[in-house]
Amino acid sequence: MNALLPHDNSRYFGLLSSIEPHEDHQIATITVINNYRVILPLDLDLSKYLNGPVGIACIAGKFYVRRLEA
């Protein structure tokens, strides 16, 4: 499965099931019906969101992460 490179105004919602660090980025797997693999910057700390429902958005080149309420 290929990883998606977010663009401005892109949004991903679902269960953050894994984070894979790479040399200059990290790949987050977000599970909804299908698994999305999203390329994110290394400085975005996702560890406290792992195995929980999240929303990740890219707005004007900045990334925002929020835990979703059930």
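Residues numbered from 1 in each chain as written. Predicted model: local features only at pLDDT ≥ 70, side-chain atom pairs only at ≥ 80, totals over all residues. Heavy atoms only, no water.

### Focus on the pattern of salt bridges
The condition that has to hold: When a carboxyl oxygen of Asp or Glu lies within 4 Å of a side-chain nitrogen of Lys or Arg, that pair is called a salt bridge. Numbering of helices and strands runs from the N terminus; a helix is a DSSP stretch of H or I covering at least four residues, while a strand is a stretch of E covering at least two. With a 1.4 Å probe rolled over the protein chains alone, any residue whose accessible area is under 20% of its type maximum counts as buried; one over 50% counts as exposed, and the rest are partly exposed.
The full count for this structure, using the stated rule, is one salt bridge. A salt bridge links R37 to E20; the nearest nitrogen and oxygen atoms lie 2.8 Å apart. Highlighted residues: R37 in strand β3 (residues 35–40) and E20 in strand β1 (residues 10–21), separated in sequence by 17 residues. Judged by relative accessible area, R37 falls into the buried class, the value being 18%.

### Regarding the pairing of strand β5 (residues 62–67)
Here is the rule: Here, any two strands with at least 2 DSSP bridges between them count as paired.
Here strand β4 (residues 53–59) pairs with β5 via six bridges, running antiparallel. The partner of G55 across the bridge, within β5, is R66. If you look at the hairpin formed by β4 and β5, you'll find two residues sitting between the two strands, and A60 has a positive phi there, around 55 degrees.

### Quick word on the sheet that holds β3
Quick note on the threshold: Here an angle of 0 to 180 degrees is reported between the N-to-C directions of two axes, which are lines fitted to C-alpha atoms, with helices fitted over the stretch in contact.
The strand order across the open sheet built from five strands is β3-β2-β1-β4-β5, with neighbouring strands paired in antiparallel fashion. Here the strands that pair on one side only, and so sit at the sheet edges, are β3 and β5. Between one strand axis and the next, the sheet turns by 45 degrees as a mean value, whatever way the strands run. One ladder, built from six bridges, connects β1 with strand β2 (residues 26–31); its direction is antiparallel. Bridging across to β2, L15 finds its partner in T31.

### Quick word on the environment of E20
Worth spelling out the cut-off: Side-chain atoms alone can form a polar contact between residues adjacent in sequence; in general such a contact is a pair of N or O atoms within 3.5 Å, and within protein one must be able to donate a hydrogen while the other accepts it.
E20 gets classed as partly exposed once you look at its relative accessible area, which sits at 28%. Distance from E20 to I39, taken between C-alpha atoms, is 9.6 Å for residues 19 residues apart in sequence. Only 2.8 Å separates the side chain of E20 from the side chain of R37, close enough to count as a polar contact.

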